[in-house]
Amino acid sequence: MLSFSSSSSLLRPSLHFQPSSHQPVAMSRRSISPFRRKVFCCSTAIKFDSLSKSGGGLREPENDSDVLIECRDVYKSFGDKHILKGVSFKIRHGEAVGVIGPSGTGKSTILKIMAGLLAPDKGEVYIRGKKRAGLISDEEISGLRIGLVFQSAALFDSLTVRENVGFLLYENSKMSENQISELVTQTLAAVGLKGVENRLPSELSGGMKKRVALARSLVFDTTKEVIEPEVLLYDEPTAGLDPIASTVVEDLIRSVHLTGEEDSLGKPGKIASYLVVTHQHSTIQRAVDRLLFLYEGKIVWQGMTHEFTTSTNPIVQQFATGSLDGPIRY
Ligand SMILES: Nc1ncnc2c1ncn2[C@@H]1O[C@H](COP(=O)(O)OP(=O)(O)OP(=O)(O)O)[C@@H](O)[C@H]1O
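About the thresholds
Residues numbered from 1 in each chain as written. Predicted model: local features only at pLDDT ≥ 70, side-chain atom pairs only at ≥ 80, totals over all residues. Heavy atoms only, no water. Domains from an automatic or database assignment. Contact = heavy atoms within 4.5 Å. Buried area = accessible area lost by both parts, 1.4 Å probe. Near = heavy atom within 4 Å. Polar contact = N/O pair within 3.5 Å; in protein donor to acceptor, adjacent residues only side chain to side chain. Areas by Shrake-Rupley, 256 points an atom, 1.4 Å probe, with all protein chains shown as cover. Helix = DSSP H or I, 4+ residues; strand = E, 2+ residues; numbered from the N terminus. Nonpolar A, V, L, I, M, F, W, Y, C, P; charged D, E, K, R; others polar. Expected span 1.5 Å × (residues − 1). Buried < 20%, exposed > 50% of the residue type's maximum accessible area, 1.4 Å probe, protein only. Core = buried A, V, L, I, M, F, W, Y, C linked by side-chain atoms within 4.5 Å. Pairing = 2+ DSSP bridges. Axes fitted to C-alpha atoms, helices over the stretch in contact; angles between N-to-C directions.

A.B. asks: Looking at this structure, how should I read the domain arrangement of the chain?
C.D. replies: Accessible area lost when the parts come together is the quantity often used to give the size of an interface. Annotation of the chain at the domain level lists domain 1 (64–144 + 230–329) and domain 2 (147–227). Distance between the C-alpha centres of domain 1 and domain 2: 23 Å. At the interface, 25 residues of domain 1 touch 18 residues of domain 2. Carbon and sulfur atoms supply 72% of the area that domain 1 and domain 2 bury against each other, a total of about 1,900 Å² over both sides.

A.B. asks: How should I be thinking about the site of the ligand in this particular structure?
C.D. replies: In the vicinity of the ligand, 14 residues are found, and the nearest of them are Gly 104, Lys 107, Ser 108, Thr 109 and His 279. Here an oxygen atom of the ligand and a backbone polar atom of Gly 104 are 2.9 Å apart. Contact between the ligand and Lys 107: an oxygen atom at 2.7 Å from a side-chain N or O atom of the residue. Within the complex, the protein chains bury 63% of what would otherwise be the 630 Å² of accessible surface of the ligand. For the shell around the ligand, the element with the highest residue contribution is helix H1 (residues 107–115), accounting for 3 residues. Classifying every residue of the shell around the ligand by side-chain character gives 3 nonpolar, 8 polar and 3 charged.

A.B. asks: Looking at this model, I keep getting lost on helix H5 (residues 206–218). Mind explaining?
C.D. replies: Residue pairs three or four apart in sequence face the same way in an α-helix, which turns once every 3.6 residues. Compared with the 18 Å implied by 1.5 Å per residue over 13 residues, the 19 Å span of H5 between its first and last C-alpha is a close match. The complete set of buried residues in H5 reads Gly 207, Met 208, Lys 210, Arg 211, Val 212, Ala 213, Leu 214, Ala 215, Arg 216, Ser 217 and Leu 218. Residues of H5 that are buried make contact with strand S8 (145–149), helix H2 (161–165), helix H4 (177–190), strand S9 (230–235) and helix H6 (243–255).

A.B. asks: What is the right way to read the side chain of Thr 109 from this model?
C.D. replies: Residue position: Thr 109 is located in helix H1. We classify Thr 109 as buried; its relative accessible area is 13%. If sequence neighbours within four positions are ignored, Thr 109 has contacts with Lys 76, Phe 78, Leu 84 and Leu 118.

A.B. asks: How do you make sense of the nonpolar core when you look at a structure like this?
C.D. replies: One recurring pattern in soluble globular proteins: nonpolar side chains tend to sit buried together. Of all hydrophobic cores here, the largest spans 49 residues; its most connected members are Val 165, Leu 188, Val 212, Tyr 234, Tyr 274 and Phe 293. For this core, the element with the most residues is H5, which contributes 6 residues. When residues of this core are assigned to domains, at least three fall in each of domain 1 (64–144 + 230–329) and domain 2 (147–227). Setting aside its immediate chain neighbours within four residues, Tyr 234 contacts Leu 111, Val 149, Leu 214, Ser 217, Leu 218, Ile 253, Val 256, Tyr 274, Leu 275, Val 276 and Val 277. By size, the runner-up hydrophobic cluster in this structure holds 31 residues, among which are Val 74, Ile 83, Leu 144 and Phe 150.

A.B. asks: Can you walk me through the sheet that holds strand S6 (residues 122–127) in this structure?
C.D. replies: Within a beta sheet, neighbouring strands are joined by backbone hydrogen bonds and run either parallel or antiparallel to one another. With antiparallel pairing, 4 strands are arranged side by side in an open sheet as S4-S3-S6-S7. Two strands close off the open sheet at either side, each with one partner strand: strand S4 (81–92) and strand S7 (130–132). On average, adjacent strands in this sheet sit at an angle of 25° to one another, irrespective of strand direction. In this structure, S6 lies alongside S7, joined through 3 bridges in antiparallel fashion. In the sheet register, Val 125 faces S7, and the bridge partner there is Arg 132.

So, in C-alpha coordinates, the structure goes:
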(Lines give C-alpha, C1' and ligand atoms only; values in the text may rest on other atoms or scores of the structure.)
Protein backbone atom coordinates (compact mmCIF):
# COMPACT_ATOMS: atom_id res chain seq x y z
CA MET A 1 0.00 0.00 0.00
CA LEU A 2 1.07 3.50 -0.65
CA SER A 3 1.99 5.49 2.41
CA PHE A 4 1.81 9.24 2.57
CA SER A 5 4.09 11.61 4.33
CA SER A 6 3.16 13.12 7.63
CA SER A 7 2.26 16.70 7.95
CA SER A 8 4.69 19.20 6.66
CA SER A 9 6.11 17.99 3.40
CA LEU A 10 6.32 20.53 0.63
CA LEU A 11 5.98 18.86 -2.71
CA ARG A 12 5.77 19.82 -6.34
CA PRO A 13 4.27 19.66 -8.85
CA SER A 14 0.81 19.18 -7.48
CA LEU A 15 -1.60 19.29 -10.33
CA HIS A 16 -2.06 17.65 -13.64
CA PHE A 17 -4.80 17.25 -16.15
CA GLN A 18 -5.08 16.01 -19.64
CA PRO A 19 -4.42 18.57 -22.34
CA SER A 20 -7.09 19.66 -24.75
CA SER A 21 -6.84 18.58 -28.33
CA HIS A 22 -6.88 22.26 -29.26
CA GLN A 23 -3.69 23.09 -27.40
CA PRO A 24 -0.48 23.90 -29.25
CA VAL A 25 1.29 20.75 -30.26
CA ALA A 26 4.97 21.66 -30.33
CA MET A 27 6.77 18.96 -28.37
CA SER A 28 10.21 18.97 -27.00
CA ARG A 29 11.35 17.68 -23.65
CA ARG A 30 10.39 20.12 -20.89
CA SER A 31 9.11 22.61 -23.47
CA ILE A 32 5.62 23.20 -22.13
CA SER A 33 5.29 24.83 -18.76
CA PRO A 34 3.34 22.70 -16.32
CA PHE A 35 1.28 24.07 -13.48
CA ARG A 36 3.86 23.89 -10.74
CA ARG A 37 2.74 24.49 -7.21
CA LYS A 38 4.01 24.02 -3.73
CA VAL A 39 1.70 21.74 -1.90
CA PHE A 40 1.10 21.33 1.75
CA CYS A 41 0.67 17.60 1.95
CA CYS A 42 -0.90 16.71 5.26
CA SER A 43 -2.22 13.25 4.78
CA THR A 44 -1.72 10.63 7.37
CA ALA A 45 -3.56 7.34 7.42
CA ILE A 46 -7.14 8.46 6.99
CA LYS A 47 -10.06 6.29 7.81
CA PHE A 48 -12.60 5.87 5.02
CA ASP A 49 -16.18 5.77 6.21
CA SER A 50 -18.35 4.01 3.74
CA LEU A 51 -21.45 6.06 3.10
CA SER A 52 -25.02 5.32 2.38
CA LYS A 53 -27.10 8.44 2.23
CA SER A 54 -30.08 7.37 0.26
CA GLY A 55 -32.26 6.65 3.20
CA GLY A 56 -32.72 10.06 4.81
CA GLY A 57 -33.61 10.27 8.46
CA LEU A 58 -31.15 10.91 11.27
CA ARG A 59 -27.48 10.49 10.54
CA GLU A 60 -24.37 10.38 12.66
CA PRO A 61 -22.46 13.66 12.65
CA GLU A 62 -19.87 13.44 9.89
CA ASN A 63 -16.16 13.48 10.38
CA ASP A 64 -14.85 15.43 7.42
CA SER A 65 -11.13 14.90 7.94
CA ASP A 66 -11.09 12.47 5.01
CA VAL A 67 -12.90 14.71 2.52
CA LEU A 68 -10.65 15.36 -0.48
CA ILE A 69 -13.03 17.38 -2.66
CA GLU A 70 -16.29 19.04 -1.72
CA CYS A 71 -18.70 20.86 -4.02
CA ARG A 72 -20.95 23.10 -1.96
CA ASP A 73 -24.07 24.59 -3.56
CA VAL A 74 -22.46 24.93 -7.00
CA TYR A 75 -24.28 26.82 -9.76
CA LYS A 76 -23.27 27.05 -13.41
CA SER A 77 -25.05 28.53 -16.42
CA PHE A 78 -24.05 28.83 -20.06
CA GLY A 79 -25.89 31.88 -21.39
CA ASP A 80 -29.51 31.39 -20.42
CA LYS A 81 -29.06 27.63 -19.90
CA HIS A 82 -29.02 27.04 -16.16
CA ILE A 83 -27.18 23.72 -15.89
CA LEU A 84 -26.13 23.32 -12.25
CA LYS A 85 -28.52 24.74 -9.66
CA GLY A 86 -27.02 24.01 -6.27
CA VAL A 87 -24.93 20.85 -6.52
CA SER A 88 -23.46 19.64 -3.23
CA PHE A 89 -21.46 16.49 -2.48
CA LYS A 90 -18.23 15.28 -0.93
CA ILE A 91 -15.59 12.89 -2.21
CA ARG A 92 -13.78 11.12 0.59
CA HIS A 93 -10.40 9.45 0.66
CA GLY A 94 -10.75 5.93 -0.69
CA GLU A 95 -14.03 6.40 -2.51
CA ALA A 96 -14.96 5.10 -5.96
CA VAL A 97 -17.91 7.20 -7.04
CA GLY A 98 -20.07 7.16 -10.15
CA VAL A 99 -21.93 10.19 -11.48
CA ILE A 100 -25.02 9.30 -13.49
CA GLY A 101 -27.99 11.12 -14.91
CA PRO A 102 -29.69 11.93 -18.21
CA SER A 103 -27.68 13.42 -21.08
CA GLY A 104 -27.05 17.12 -20.85
CA THR A 105 -27.63 17.41 -17.10
CA GLY A 106 -24.13 18.75 -16.47
CA LYS A 107 -22.08 15.70 -15.47
CA SER A 108 -19.07 16.72 -17.54
CA THR A 109 -19.53 20.30 -16.37
CA ILE A 110 -19.27 19.30 -12.72
CA LEU A 111 -16.09 17.30 -13.46
CA LYS A 112 -14.53 20.32 -15.13
CA ILE A 113 -15.48 22.48 -12.15
CA MET A 114 -13.93 19.94 -9.76
CA ALA A 115 -10.78 19.82 -11.89
CA GLY A 116 -10.58 23.62 -11.83
CA LEU A 117 -10.99 24.04 -15.58
CA LEU A 118 -14.32 25.85 -15.19
CA ALA A 119 -15.25 28.22 -12.38
CA PRO A 120 -18.69 27.95 -10.76
CA ASP A 121 -20.95 31.01 -11.07
CA LYS A 122 -21.92 30.57 -7.43
CA GLY A 123 -21.02 28.13 -4.70
CA GLU A 124 -17.68 26.72 -3.66
CA VAL A 125 -15.25 23.94 -4.34
CA TYR A 126 -13.10 22.87 -1.39
CA ILE A 127 -9.91 20.93 -1.95
CA ARG A 128 -8.96 19.15 1.26
CA GLY A 129 -10.90 21.74 3.23
CA LYS A 130 -9.42 24.74 1.47
CA LYS A 131 -11.71 26.85 -0.67
CA ARG A 132 -10.50 27.11 -4.22
CA ALA A 133 -10.82 30.55 -5.69
CA GLY A 134 -11.59 30.37 -9.39
CA LEU A 135 -9.64 28.23 -11.81
CA ILE A 136 -6.78 25.84 -11.21
CA SER A 137 -4.38 28.23 -12.95
CA ASP A 138 -5.08 30.81 -10.21
CA GLU A 139 -4.30 28.34 -7.47
CA GLU A 140 -1.54 28.94 -4.97
CA ILE A 141 -1.93 25.80 -2.94
CA SER A 142 -3.77 22.61 -3.69
CA GLY A 143 -2.70 19.67 -1.54
CA LEU A 144 -4.12 17.24 -4.05
CA ARG A 145 -3.38 16.13 -7.57
CA ILE A 146 -6.50 16.10 -9.71
CA GLY A 147 -6.45 14.33 -13.06
CA LEU A 148 -9.22 14.53 -15.64
CA VAL A 149 -9.57 11.95 -18.39
CA PHE A 150 -11.66 13.66 -21.05
CA GLN A 151 -14.55 11.96 -22.78
CA SER A 152 -13.03 12.81 -26.16
CA ALA A 153 -9.56 11.42 -25.25
CA ALA A 154 -8.04 14.86 -26.06
CA LEU A 155 -4.74 13.57 -27.35
CA PHE A 156 -2.15 15.84 -28.93
CA ASP A 157 -2.68 15.16 -32.62
CA SER A 158 0.91 15.64 -33.75
CA LEU A 159 2.53 13.68 -30.93
CA THR A 160 3.04 9.95 -31.05
CA VAL A 161 1.27 7.66 -28.62
CA ARG A 162 4.51 7.38 -26.62
CA GLU A 163 4.84 11.18 -26.39
CA ASN A 164 1.20 11.55 -25.46
CA VAL A 165 1.32 8.96 -22.69
CA GLY A 166 4.69 10.10 -21.35
CA PHE A 167 3.82 13.77 -21.72
CA LEU A 168 3.92 14.76 -18.06
CA LEU A 169 7.01 12.69 -17.35
CA TYR A 170 8.90 14.27 -20.25
CA GLU A 171 7.82 17.63 -18.89
CA ASN A 172 8.12 17.24 -15.16
CA SER A 173 10.18 14.28 -14.09
CA LYS A 174 13.81 13.42 -13.73
CA MET A 175 13.23 10.07 -15.40
CA SER A 176 15.44 9.20 -18.35
CA GLU A 177 14.00 8.83 -21.85
CA ASN A 178 14.53 5.08 -21.60
CA GLN A 179 12.77 4.83 -18.24
CA ILE A 180 9.83 6.81 -19.56
CA SER A 181 9.70 4.75 -22.71
CA GLU A 182 9.66 1.50 -20.73
CA LEU A 183 6.96 2.75 -18.37
CA VAL A 184 4.86 3.96 -21.28
CA THR A 185 5.10 0.55 -22.96
CA GLN A 186 4.11 -1.21 -19.71
CA THR A 187 1.20 1.14 -19.11
CA LEU A 188 -0.07 0.76 -22.67
CA ALA A 189 0.10 -3.01 -22.27
CA ALA A 190 -1.97 -2.68 -19.09
CA VAL A 191 -4.77 -1.01 -21.09
CA GLY A 192 -4.52 -3.71 -23.75
CA LEU A 193 -2.43 -1.83 -26.32
CA LYS A 194 0.79 -3.25 -27.70
CA GLY A 195 3.07 -1.99 -30.46
CA VAL A 196 1.30 1.34 -30.94
CA GLU A 197 3.91 3.57 -29.31
CA ASN A 198 5.06 5.17 -32.56
CA ARG A 199 1.63 5.71 -34.05
CA LEU A 200 -0.09 9.07 -34.26
CA PRO A 201 -3.59 9.45 -32.76
CA SER A 202 -5.04 9.68 -36.28
CA GLU A 203 -3.88 6.09 -36.84
CA LEU A 204 -5.94 4.77 -33.91
CA SER A 205 -9.58 3.79 -33.57
CA GLY A 206 -11.81 5.75 -31.19
CA GLY A 207 -11.60 3.01 -28.56
CA MET A 208 -7.82 2.87 -28.83
CA LYS A 209 -7.60 6.64 -28.37
CA LYS A 210 -9.68 6.34 -25.21
CA ARG A 211 -7.31 3.71 -23.86
CA VAL A 212 -4.28 5.85 -24.70
CA ALA A 213 -5.88 8.71 -22.76
CA LEU A 214 -6.46 6.33 -19.88
CA ALA A 215 -2.85 5.18 -19.99
CA ARG A 216 -1.75 8.82 -19.93
CA SER A 217 -3.68 9.36 -16.71
CA LEU A 218 -2.01 6.35 -15.09
CA VAL A 219 1.70 7.01 -15.61
CA PHE A 220 3.48 8.14 -12.49
CA ASP A 221 6.96 9.40 -11.82
CA THR A 222 8.58 6.28 -10.38
CA THR A 223 11.61 8.19 -9.10
CA LYS A 224 9.62 10.22 -6.60
CA GLU A 225 9.90 9.09 -3.00
CA VAL A 226 6.60 10.59 -1.91
CA ILE A 227 3.52 10.72 -4.05
CA GLU A 228 0.77 13.11 -3.08
CA PRO A 229 -2.75 11.71 -3.03
CA GLU A 230 -4.54 11.93 -6.29
CA VAL A 231 -8.14 12.01 -7.41
CA LEU A 232 -8.87 10.91 -10.96
CA LEU A 233 -11.98 12.09 -12.75
CA TYR A 234 -13.01 9.88 -15.67
CA ASP A 235 -15.54 11.24 -18.15
CA GLU A 236 -17.30 8.30 -19.80
CA PRO A 237 -14.17 6.11 -20.00
CA THR A 238 -16.03 3.15 -21.52
CA ALA A 239 -18.35 4.95 -23.94
CA GLY A 240 -17.92 3.53 -27.42
CA LEU A 241 -15.87 0.53 -26.30
CA ASP A 242 -16.88 -3.04 -27.04
CA PRO A 243 -17.99 -5.06 -23.97
CA ILE A 244 -14.61 -6.77 -23.48
CA ALA A 245 -12.60 -3.56 -23.87
CA SER A 246 -15.04 -1.99 -21.37
CA THR A 247 -14.30 -4.74 -18.87
CA VAL A 248 -10.54 -4.21 -19.34
CA VAL A 249 -10.95 -0.50 -18.65
CA GLU A 250 -13.32 -1.00 -15.70
CA ASP A 251 -10.94 -3.46 -14.06
CA LEU A 252 -8.01 -1.16 -14.72
CA ILE A 253 -9.82 1.75 -13.07
CA ARG A 254 -10.39 -0.48 -10.04
CA SER A 255 -6.84 -1.78 -9.99
CA VAL A 256 -5.14 1.61 -9.82
CA HIS A 257 -7.25 2.55 -6.82
CA LEU A 258 -5.20 2.92 -3.67
CA THR A 259 -7.27 0.31 -1.89
CA GLY A 260 -6.48 -2.33 -4.50
CA GLU A 261 -3.74 -4.85 -3.79
CA GLU A 262 -1.89 -4.41 -7.04
CA ASP A 263 -2.54 -2.62 -10.28
CA SER A 264 -2.13 -4.11 -13.73
CA LEU A 265 1.55 -3.26 -13.59
CA GLY A 266 1.91 -5.35 -10.43
CA LYS A 267 2.30 -2.25 -8.27
CA PRO A 268 0.08 -0.91 -5.51
CA GLY A 269 -2.66 1.37 -6.86
CA LYS A 270 -1.94 5.05 -6.50
CA ILE A 271 -5.28 6.74 -6.97
CA ALA A 272 -6.73 7.84 -3.63
CA SER A 273 -10.27 8.31 -4.94
CA TYR A 274 -11.96 8.53 -8.28
CA LEU A 275 -15.12 9.70 -9.94
CA VAL A 276 -16.54 8.14 -13.08
CA VAL A 277 -19.19 9.78 -15.22
CA THR A 278 -20.89 6.96 -17.05
CA HIS A 279 -24.05 5.78 -18.75
CA GLN A 280 -22.92 2.16 -18.87
CA HIS A 281 -24.49 -0.34 -16.55
CA SER A 282 -21.36 -2.54 -16.56
CA THR A 283 -19.23 0.40 -15.44
CA ILE A 284 -21.64 1.22 -12.63
CA GLN A 285 -21.58 -2.40 -11.49
CA ARG A 286 -17.85 -3.05 -11.90
CA ALA A 287 -16.02 0.17 -11.34
CA VAL A 288 -17.76 2.17 -8.59
CA ASP A 289 -19.17 1.71 -5.09
CA ARG A 290 -21.30 4.80 -4.61
CA LEU A 291 -23.49 6.75 -7.01
CA LEU A 292 -24.53 10.38 -7.35
CA PHE A 293 -27.58 11.01 -9.52
CA LEU A 294 -27.60 14.42 -11.19
CA TYR A 295 -30.91 15.65 -12.56
CA GLU A 296 -32.20 19.11 -13.36
CA GLY A 297 -29.21 20.81 -11.84
CA LYS A 298 -29.10 18.99 -8.51
CA ILE A 299 -28.01 15.74 -6.91
CA VAL A 300 -31.44 14.15 -6.52
CA TRP A 301 -30.26 10.81 -5.14
CA GLN A 302 -27.09 9.25 -3.81
CA GLY A 303 -26.49 5.79 -2.53
CA MET A 304 -24.41 2.65 -2.80
CA THR A 305 -24.36 0.89 -6.16
CA HIS A 306 -26.41 -2.04 -4.93
CA GLU A 307 -29.15 0.36 -3.80
CA PHE A 308 -29.56 1.79 -7.29
CA THR A 309 -31.83 -0.87 -8.71
CA THR A 310 -33.95 -1.20 -5.57
CA SER A 311 -34.46 2.53 -4.99
CA THR A 312 -38.06 3.71 -4.70
CA ASN A 313 -37.14 7.16 -6.01
CA PRO A 314 -39.22 7.46 -9.24
CA ILE A 315 -36.43 9.30 -11.08
CA VAL A 316 -33.93 6.56 -10.23
CA GLN A 317 -36.43 3.81 -11.03
CA GLN A 318 -37.15 5.26 -14.46
CA PHE A 319 -33.46 5.70 -15.23
CA ALA A 320 -32.54 2.23 -13.98
CA THR A 321 -35.19 0.57 -16.12
CA GLY A 322 -34.90 2.86 -19.16
CA SER A 323 -38.65 3.36 -19.11
CA LEU A 324 -40.28 6.12 -21.15
CA ASP A 325 -42.84 6.62 -18.38
CA GLY A 326 -41.83 8.67 -15.38
CA PRO A 327 -40.66 12.08 -14.31
CA ILE A 328 -37.71 12.28 -16.76
CA ARG A 329 -38.88 13.78 -20.05
CA TYR A 330 -36.86 13.99 -23.27
N1 LIG B 1 -18.70 25.55 -22.76
C2 LIG B 1 -20.02 25.45 -22.95
N3 LIG B 1 -20.70 26.44 -23.55
C4 LIG B 1 -22.04 26.38 -23.72
N5 LIG B 1 -22.79 25.33 -23.32
C6 LIG B 1 -22.16 24.32 -22.72
C7 LIG B 1 -20.75 24.31 -22.49
N8 LIG B 1 -20.40 23.18 -21.85
C9 LIG B 1 -21.55 22.49 -21.69
N10 LIG B 1 -22.60 23.18 -22.21
C11 LIG B 1 -24.00 22.75 -22.17
O12 LIG B 1 -24.29 22.39 -20.83
C13 LIG B 1 -25.16 21.26 -20.81
C14 LIG B 1 -24.51 20.18 -19.96
O15 LIG B 1 -23.39 19.67 -20.67
P16 LIG B 1 -22.54 18.46 -20.08
O17 LIG B 1 -21.57 18.05 -21.14
O18 LIG B 1 -21.99 18.84 -18.76
O19 LIG B 1 -23.68 17.36 -19.89
P20 LIG B 1 -23.54 15.82 -19.58
O21 LIG B 1 -24.50 15.52 -18.48
O22 LIG B 1 -22.12 15.45 -19.35
O23 LIG B 1 -24.06 15.21 -20.95
P24 LIG B 1 -23.78 13.78 -21.66
O25 LIG B 1 -24.27 12.72 -20.71
O26 LIG B 1 -24.62 13.85 -22.89
O27 LIG B 1 -22.31 13.71 -21.95
C28 LIG B 1 -25.41 20.88 -22.26
O29 LIG B 1 -26.62 21.46 -22.65
C30 LIG B 1 -24.26 21.50 -23.01
O31 LIG B 1 -24.62 21.83 -24.32
